[in-house]
Amino acid sequence: NEKGPDIVRHAAAKCDAILNVGSCAVDGGWQAAAPNPGGAIGIQKFLENSMADGSFTYELNPGSLPPIINVPTCPANPEHVIAMLVDILLVEKLPELNNYNMPSLIFNQYIHDNCPRRGHFENGEFVYKFGSEEEKKGYCLYPVGCKGPQTKSNCPIVRWNRRSSWCVESGAPCVGCAQANPLKAGHNWVDTNAPFLKRFRPIMFGDLPVQPMVLAGAVTGVFAVALVAHGIGMKVTGRTKGGADFETERAWDKKHPEQAIGPVSDTVLQVRSQNAQGKTPVAAEAAQDNNDEAKGGDR
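Heads up: these notes are all about the structure in this document. (Residues numbered from 1 in each chain as written. Predicted model: local features only at pLDDT ≥ 70, side-chain atom pairs only at ≥ 80, totals over all residues. Heavy atoms only, no water.)

**Quick word on the packing of helix α1 (residues 4-13) against helix α3 (residues 43-52)**
Move 1: At their nearest, the axes of α1 and α3 sit 11 Å apart, and the two run at 85° to each other. With respect to α3, the axis of α1 lies roughly perpendicular. Taken together, the residues of α3 that come into contact with α1 (itself represented by Pro-5, Val-8, Arg-9 and Ala-12) are Ile-43, Phe-46, Leu-47 and Ser-50.
Move 2: The class makeup of the residues in the contact of α1 with α3 is 6 nonpolar, 1 polar and 1 charged. (Axes fitted to C-alpha atoms, helices over the stretch in contact; angles between N-to-C directions. Helix = DSSP H or I, 4+ residues; strand = E, 2+ residues; numbered from the N terminus. Parallel < 35°, antiparallel > 145°, perpendicular 65-115°, else oblique. Contact = heavy atoms within 4.5 Å. Nonpolar A, V, L, I, M, F, W, Y, C, P; charged D, E, K, R; others polar.)

**Some details on the nonpolar core**
Move 1: With 12 residues, the main nonpolar core is built from Ile-111, Cys-115, Val-127, Tyr-139, Leu-141, Val-144, Cys-146, Cys-155, Trp-160, Trp-166, Val-168 and Cys-174.
Move 2: Apart from residues no more than four positions distant in its own chain, Cys-115 is found in contact with Pro-156, Trp-166 and Val-168. (Core = buried A, V, L, I, M, F, W, Y, C linked by side-chain atoms within 4.5 Å. Buried < 20%, exposed > 50% of the residue type's maximum accessible area, 1.4 Å probe, protein only.)

**Some thoughts on the layout of surface pockets**
Move 1: The computed volume of the largest pocket comes to approximately 370 Å³.
Move 2: Partitioning the lining of the largest pocket into residue classes produces 7 nonpolar, 11 polar and 2 charged.
Move 3: Here the second largest pocket is characterised by a volume of approximately 170 Å³.
Move 4: Lining the second largest pocket are 14 residues, with Ala-83, Met-84, Leu-105, Ile-106 and Asn-154 positioned closest to its centre.
Move 5: Considering every element that reaches the lining of the second largest pocket, the biggest residue donor is helix α4 (residues 78-90), with 5 residues.
Move 6: Its residues assigned to classes, the lining of the second largest pocket shows 7 nonpolar, 3 polar and 4 charged. (1 Å grid on protein atoms, 1.4 Å probe; cavity = no way out; pocket = protein on both sides within 12 Å on 5 of 7 lines; lining within 4 Å. Points joined across faces, edges and corners; volume = space filled by probe spheres on them.)

**Things to note about a nonpolar patch on the surface**
Move 1: On the surface, Ile-82, Leu-85, Val-86, Leu-89, Leu-90 and Val-91 cluster together into a nonpolar patch covering about 560 Å² of accessible area.
Move 2: Given the relative accessible area of 33%, Val-86 is considered partly exposed. (Patch = residues over 30% accessible without salt bridge, like charges linked within 9 Å, V, L, I, M, F, W, Y side chains within 5 Å. Areas by Shrake-Rupley, 256 points an atom, 1.4 Å probe, with all protein chains shown as cover. Salt bridge = Lys/Arg side-chain N within 4 Å of Asp/Glu carboxyl O.)

**A closer look at the environment of Lys-147**
Move 1: Mapped onto the fold, Lys-147 is located in the loop between α7 (133-136) and α8 (155-158).
Move 2: Here Lys-147 falls in the buried class, since its relative accessible area comes to 0%.
Move 3: In this structure, the C-alpha to C-alpha distance between Lys-147 and Asn-193, residues 46 residues apart in sequence, is 7.5 Å.
Move 4: In contact with Lys-147, other than residues within four places in its own chain, are Cys-174, Val-175, Gly-176, Gln-179, Asn-193, Pro-195, Phe-196 and Lys-198.
Move 5: Reaching out from Lys-147, the side chain makes a polar contact with the backbone oxygen of Gly-145 at a distance of 2.6 Å. (Polar contact = N/O pair within 3.5 Å; in protein donor to acceptor, adjacent residues only side chain to side chain.)

What follows is the structure, given as structure tokens:
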């Protein structure tokens with residue numbers, strides 16, 4: 001009895017093309033979400049790993065992978081699947097693919113561009129809470145987590161169930177299930193877009209997802225603590241009552257009386273006097289420049 005991985009390798013070794021149907025087959029889907037204890041990956045990545053460790057060879061073209069077509073979404077749209085089968089079996093031609101081996105004709109335009117609620121987005125009419133009057137009016141679902149502006153698929157055009165409806169039309173925000181990275185398990189629509197009913201996607205620090213609002217709150221908290229600490233320091237040192245006393249004698253003079261340069265006021269007067277007489281280096285240089293210019297004018 002062959003195990004699942006062996007069956008995949010044997011079937012892929014002599015195939016003309018591989019059609020990965022659904023996000024689970026493309027990049028591991030839900031199972032590949034962090035922490036991914038089972039090590040789930042998609043078929044494309046699995047075959048790459050198998051070829052690297054020598055357990056898989058594509059007999060029709062050794063040293064390369066079979067032609068792979070990835071058709072994500074969860075679940076996969078039947079019309080997408082039929083379209084690919086027609087291309088492969090009847091037309092005998094692979095469709096144009098993007099960098100993730102996904103059909104460009106299907107996954108080349110943002111859902112947001114064809115969304116029937118796009119007009120509400122442009123008018124600033126949004127749903128901020130489910131069960132609200134705004135939801136009843138069919139306003140834009142972006143504030144409650146819709147991922148349509150960042151997900152590419154023709155869902156609003158093809159729809160599901162004989163083109164009767166689709167997620168957003170039924171009142172649910174798009175969760176971005178068409179987003180897929182077949183070469184990097186865990187960086188798919190599940191980890192990238194969860195929590196699904198939040199407006200912002202998480203910022204990834206390695207494999208650690210952090211919501212922008214949480215990060216902003218943490219940064220704000222750090223600054224608040226710093227300001228409080230600064231205020232306490234000002235209070236303790238007495239700088240909140242008219243400011244600290246002016247230093248009438250330099251700290252250097254106190255520690256090195258033999259090298260003291262005198263009170264602040266005397267020094268300032270001395271420097272001013274030297275500047276007026278042209279005895280300081282800066283003043284002397286300026287005076288020399290003036291003399292040179294005057295001599296040049298006489299010539």
